[in-house]
Amino acid sequence: MVYVVRELCVACGKCALYCPVEAITVGEYAFVDQERCVECGTCIRAECPVDALRQPDLKPPRLLRKLFSDPLATFRETEVPGRGTEEMKTNDVTNNVKVGEAGWGVEMGRPGVSTKFTDVEKVTMALARQGVEFLDLNPVTMLIDKKTGMFTEKNPWGISPGEIRALRSLSAIIEFKTPKEKVPEIIKTLMEVSKEVETVFSVGLISRWKDGEPELLPLVRGIPGIRVYPNGKHNMGLGRPGS
Amino acid sequence: MTHTNHRRGSRESLTKDFVILSMIEPTSEAQRTYRGPLEGRVKRFLEICGGHGPVAITARAGGRRLRYLKGWTREMDSGIHQASTLEEVIGCEEIEGGVGHAVYTDREAVVEVLRKLREEDLGLSIVVSGVFEEVFEACRRAGLKPHTVNMSLGTWGRMELLPDEPILELCTMCGHAMISRRLAEKMIERVGSGALTPEAAAVELGKQCTCNIFNTVRAAEIIKRTVAERKRLKMINT
């Protein structure tokens, strides 16, 4: 875990300024709150003027904070740097989200708030009750029982549900699919569970293009309280093989 | 990863913000070998993007990321944050993998890049982030239509934990949240006091975005607007 060598620290506050989760406070010297720290590496990259910050190699469960929070860390299991899968970026090749389906990305802790994993589990459990299909090769999916959404000890790191619940990360993306008919129900579920979490989450809805617009747009347009933001991501269909 | 999906701001501000990404599906051998070696095709992608005035462009090469960011000069380097020139990025011979990014402020540039990518048929999955109408129009003019779209339904939950809107606009230009709200506030404060230019402040923020998808031109505008607004409010209150 990141720590400060007190004998070297000159309390300039640079590390605290760059820390995205305000885990560093400065008095006589800088102090890292280990519960709040998500091991994102930003303070290290900010380059301490007296080289007083240290980040030793991490082991599970602490390592998972880094894997979920530092975009330069790579999940060995997915070989994807960052925190999720390739989402819709290669959907023109994989066809993972088909016409008639909805792809979802619920990004816990985003933007910049961070999330406890107890909140991640609240959301995965609520979604599991709706029978969603959690995506394999997603780091959150690797930590849960896909039927219940609860954390399980059957994960690649062999850590216990209790250890997972004690984690915090800058973000944790829950990725899943549903039939398009379930879209209103999933939105209702997310609205309900949003009142139970101690953080924020950002919601992305992946849709195939059909008849001159996103196929799912008419389904979400009229739902009270839901606003589709003016900007989004567009896969151009130029990947060719398998498309 | 959905790191360009939830950028915040007014429609007017977001209209000057496009990100073009290339990627391949790692398990697809067909895409890896489609029409020749992958590295050559990614290099061509970067050449095309580099020819249309990007604000930022990134190549992955030799175990590191080559990052060109408008306004970032070598004197501003710190730690692992090292600037590259546009020529270094597009002339790189050690490309690795299928990922490249470029950022633009201008729809016309996006139209030209897409038109060229369609003509050259590089077999790379291409994703464009931006305001829907702007991207749809760019697609139409380039002779393309989107295959799949990711719509942002916004942020839910404890909204009181979010910073003020201008800070959010700056910080969400790094989707991995590497830009702290304290740093964004500090940059606005330093521009307000005359200690930094908006452009230099934008670069300091952009350096933290290790994927290099930060739009320094748009950020400088947000900073200028925020400084002016805060000065106006201060005058009203005094």
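Residues numbered from 1 in each chain as written. Chains lettered and ligands numbered in written order. Predicted model: local features only at pLDDT ≥ 70, side-chain atom pairs only at ≥ 80, totals over all residues. Heavy atoms only, no water.

Re the overall build of chain B
Stage number 1. For chain B, the count of helices and strands is 10 helices and 6 strands.
Stage number 2. Over its C-alpha trace chain B gives a radius of gyration of 18 Å, about what one expects of a compact globule, namely 18 Å for 238 residues.
Stage number 3. Across its three principal axes, chain B shows a C-alpha extent of roughly 65 × 40 × 30 Å.
Stage number 4. Here chain B holds 238 residues, and the buried ones make up 59% of them.
Stage number 5. In chain B, once contacts between residues fewer than 6 apart in sequence are set aside, the share between residues at least 24 apart is 72%.
Stage number 6. When the accessible surface of chain B is totalled, it reaches about 9,200 Å², and 52% of it is carbon and sulfur.
Stage number 7. For chain B, the centre of its 35 positive side-chain charges and the centre of its 32 negative side-chain charges are spaced 3 Å apart. (Helix = DSSP H or I, 4+ residues; strand = E, 2+ residues; numbered from the N terminus. Rg over C-alpha atoms; globule rule 2.2 N^0.38 Å. Buried < 20%, exposed > 50% of the residue type's maximum accessible area, 1.4 Å probe, protein only. Contact = heavy atoms within 4.5 Å. Areas by Shrake-Rupley, 256 points an atom, 1.4 Å probe, with all protein chains shown as cover. Lys, Arg positive; Asp, Glu negative; His and termini not counted. Charge placed at Lys NZ, Arg CZ, Asp CG, Glu CD.)

Considering the environment of Ala228(B)
All names here are of chain B.
Stage number 1. Along the chain, the position of Ala 228 falls in helix 10 (residues 216–237).
Stage number 2. On the basis of relative accessible area, Ala 228 is assigned to the partly exposed category, the value being 46%.
Stage number 3. Separated by 68 residues in the primary sequence, Ala 228 and Glu 160 have C-alpha atoms spaced 25 Å apart.

Comments concerning the interface of chain B and chain A
Stage number 1. Every contact between the two is made by 75 residues of chain B and, on the other side, 73 residues of chain A.
Stage number 2. The interface formed by chain B and chain A includes 2 salt bridges.
Stage number 3. We note a salt bridge from Asp121(B) to Arg240(A), for which the minimum N-O separation is 3.0 Å.
Stage number 4. The interface formed by chain B and chain A contains 29 residue pairs in polar contact (both at pLDDT 80 or more).
Stage number 5. Across the side of chain B that touches chain A, the residue classes tally to 33 nonpolar, 27 polar and 15 charged.
Stage number 6. Where strand 14 (residues 231–235) of chain A and strand 6 (residues 148–157) of chain B come together, 4 bridges link them in antiparallel fashion. Within strand 6 of chain B, the position partnered with Asn235(A) by the bridge is Thr148(B). (Salt bridge = Lys/Arg side-chain N within 4 Å of Asp/Glu carboxyl O. Polar contact = N/O pair within 3.5 Å; in protein donor to acceptor, adjacent residues only side chain to side chain. Nonpolar A, V, L, I, M, F, W, Y, C, P; charged D, E, K, R; others polar. Pairing = 2+ DSSP bridges.)

Regarding the domain arrangement of chain B
Residue and element names in this part refer to chain B.
Stage number 1. Domain annotation for chain B reports domain 1 (11–142) and domain 2 (159–237).
Stage number 2. Relative to domain 2, the C-alpha centre of domain 1 lies at a distance of 24 Å.
Stage number 3. At the junction of the two partners, domain 1 supplies 24 residues and domain 2 supplies 19 residues.
Stage number 4. Across the interface of domain 1 and domain 2, roughly 1,700 Å² is buried in total on both sides, 53% from carbon and sulfur atoms. (Domains from an automatic or database assignment. Buried area = accessible area lost by both parts, 1.4 Å probe.)

Description of the packing of aromatic side chains
Residues and elements named next belong to chain A.
Stage number 1. Taken as a whole, this structure holds 7 aromatic pairs over all chains when the rule is applied.
Stage number 2. With centroids separated by 6.4 Å and ring planes inclined at 65°, the aromatic side chains of Phe 134 and Phe 176 adopt a geometry described as edge-to-face. Pair noted here: Phe 134 is in strand 9 (residues 133–134) and Phe 176 is in strand 11 (residues 172–179), with a separation of 42 residues, a long-range link.
Stage number 3. Among the residues examined, Phe 134 registers a relative accessible area of 4% and is labelled buried.
Stage number 4. According to the relative accessible area criterion, Phe 176 is buried, its value standing at 1%. (Phe/Tyr/Trp six-rings, centres within 6.5 Å; stacked < 30°, edge-to-face > 60°.)

Notes on helix 10 of chain B
Residue and element names in this part refer to chain B.
Stage number 1. The terminal C-alpha atoms of helix 10, which comprises 22 residues, lie 31 Å apart, in line with the 32 Å expected from a rise of 1.5 Å per residue.
Stage number 2. Of all the residues in helix 10, the buried ones are Thr 216, Arg 218, Ala 219, Ala 220, Ile 222, Ile 223, Thr 226 and Val 227.
Stage number 3. Summarising the contacts, the buried residues of helix 10 are in contact with helix 1 (11–14), strand 3 (64–69), helix 7 (165–171), helix 8 (181–192) and helix 9 (198–208).
Stage number 4. Measuring from the backbone nitrogen of Val 217 back to the side-chain oxygen at the start of helix 10 gives 3.2 Å, which picks out Asn 215 as the cap. (Expected span 1.5 Å × (residues − 1).)

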